[in-house]
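# Architecture and fold: a report
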Amino acid sequence: MAWPLLLLLFSSLAFSHAQLTLDYYAKTCPQFDAIVRDITQQKQMQFPTTAAATLRVFFHDCAVDGCDASILIKPTAFNKPELEYDINQSLAGDAFDLITRIKTALELACPGVVSCADVLATATRNLIVQTGGPHYKVPLGRKDSLVSNVSNVEAHLTRANATVDLMIKKFQLMDIGVKDMVVLIGGGHTIGFVHCKEFANRIFPTPDPTMNPILVERLRTMCVNYTNNKDMAAFLDVISPGNFDNVLFKNLMKGIGVLGSDQLLYNDPRTRPFVELYAKDSNAFATDFAVAMEKLSVYQVKIGNQGEVRKRCDAVNNAHA
């Protein structure tokens, strides 16, 4: 599933952001960059959906109380974390496996030094670049969250059938303008995928008249057994799903958007100019997406005693057994 839905939260740079540095691990874990790079590249080559999966996990993490790896915490008998929220239950396992692989290697090389939040932020950037997207700086020094609670999620995520009114309203509450909203959604969906149940109402039983008939038939064939197989999914960019590019925006202009909320971005006069801009200017898309991601990656980061460096990414250090 993708993140049409997300309320990506970021604000102006604050004091805590200034505590992050690009060379944070230069002395304490000089192998950091190489370990993250090598394992990320290997995982993506083995499982090409890893980039989309990790990007979605990153967005879902940052959207709820900041980029602090709270999304990675597994449920226990004592706590229902963010992962228990129904939308988060469909997050793909390849992303979690990637973070576990990287964290395990880092704990062997420099135990107790690198946070899971920094691993997730850096791996996401590397995967975007690996699939053809823009490079952007990821300052480091985030701490991992001490808590993860399912009750914190509802206010920050919307559903796949969100209207443009709702998306704009929610994003504006976070001081995120329409342009940033469009570029972030487009970036998230250019390599994203979505489970059939999220768009089934557009193809069954009566197809959405705004949807390209050829696309309808392809999706109907692909999702014919979606009620029995919950894992059935489709790429959001049906033309170049493995490439981080601006084709998604071109698709929307041709009526071949898989998600209704995506297609609405072209149909609505408030968002349409930005869809048209990014469809015709790939450089503008790449530049604006990189700027937005650099801002997002430092949203409400934890520093000092606001967090910790987890020994395992799926549990806080003082978790109950």
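Residues numbered from 1 in each chain as written. Predicted model: local features only at pLDDT ≥ 70, side-chain atom pairs only at ≥ 80, totals over all residues. Heavy atoms only, no water.

Attention now goes to the state of the cysteines. What the rule picks out here adds up to 4 disulfides. Two residues, C62 and C67, share a disulfide whose sulfurs are 2.0 Å apart. Because the torsion about its S-S bond is 120 degrees, the bridge between C62 and C67 counts as right-handed. Owing to a relative accessible area of 1%, C67 belongs among the buried residues under this scheme. One disulfide bridge connects C196 with C223, the sulfur atoms lying 2.1 Å from each other. Judged by the sign of its S-S torsion, about -70 degrees, the cystine formed by C196 and C223 is left-handed. Remark: C223 occurs in the loop between helix 8 (213-222) and strand 2 (233-235) and C196 occurs in the loop between strand 1 (193-195) and helix 8; sequence separation between them is 27 residues. What connects to what in the protein chain, once the bonded cysteines are numbered by sequence position, is 1-4, 2-3, 5-8, 6-7. (Disulfide = S-S within 2.5 Å. Buried < 20%, exposed > 50% of the residue type's maximum accessible area, 1.4 Å probe, protein only. Helix = DSSP H or I, 4+ residues; strand = E, 2+ residues; numbered from the N terminus.)

It is worth spelling out the packing of aromatic side chains at this point. The tally for this structure, following the rule as stated, stands at 11 aromatic pairs. Each ring, one from F244 and one from F285, has its centre 5.8 Å from the other, and the planes form 10 degrees; the classification is stacked. Highlighted residues: F244 in the loop between strand 2 and helix 9 (247-253) and F285 in helix 12 (residues 282-296), separated in sequence by 41 residues. Both residues of the pair, F244 and F285, count as buried. Within the aromatic cluster, the residues linked to one another by ring pairs are F244, F249, Y278, F285 and F289. (Phe/Tyr/Trp six-rings, centres within 6.5 Å; stacked < 30°, edge-to-face > 60°.)

With that settled, the discussion passes to the domain arrangement of the protein chain. By the assigned domains, the protein chain splits into domain 1 (31-152) and domain 2 (176-293). For domain 1 versus domain 2, the distance between C-alpha centres works out to 24 Å. At the junction of the two partners, domain 1 supplies 17 residues and domain 2 supplies 14 residues. Interface area for domain 1 against domain 2, summed over the two sides, is near 1200 Å², with a carbon-plus-sulfur share of 80%. The interface formed by domain 1 and domain 2 holds 0 salt bridges in total. At the surface where domain 1 touches domain 2, the tally comes to 1 residue pair in polar contact (both at pLDDT 80 or more). Put simply, the parts of the chain that give the side of domain 1 that touches domain 2 at least two residues each are helix 3 (50-63) and helix 5 (116-130). In terms of residue count, helix 3 provides more of the side of domain 1 that touches domain 2 than any other element does, 6 residues in total. The class makeup of the residues in the side of domain 1 that touches domain 2 is 10 nonpolar, 7 polar and no charged. (Domains from an automatic or database assignment. Contact = heavy atoms within 4.5 Å. Buried area = accessible area lost by both parts, 1.4 Å probe. Salt bridge = Lys/Arg side-chain N within 4 Å of Asp/Glu carboxyl O. Polar contact = N/O pair within 3.5 Å; in protein donor to acceptor, adjacent residues only side chain to side chain. Nonpolar A, V, L, I, M, F, W, Y, C, P; charged D, E, K, R; others polar.)

If you check UniProt for "site: Transition state stabilizer" (unreviewed entry), the listed places come out as R56 in our numbering. Its place among the elements puts R56 in helix 3. Given the relative accessible area of 3%, R56 is considered buried. (UniProt positions renumbered as here; feature names shortened; annotations may be inferred.)

Within the secondary structure layout, T54 lies in helix 3. Separated by 37 residues in sequence, T54 and L91 place their C-alpha atoms 8.8 Å apart. Leave out the neighbours within four places in its chain, and T54 touches A95, L98, L120, T124 and L127. At a separation of 2.8 Å, a polar atom in the side chain of T54 contacts the main-chain carbonyl oxygen of T50.

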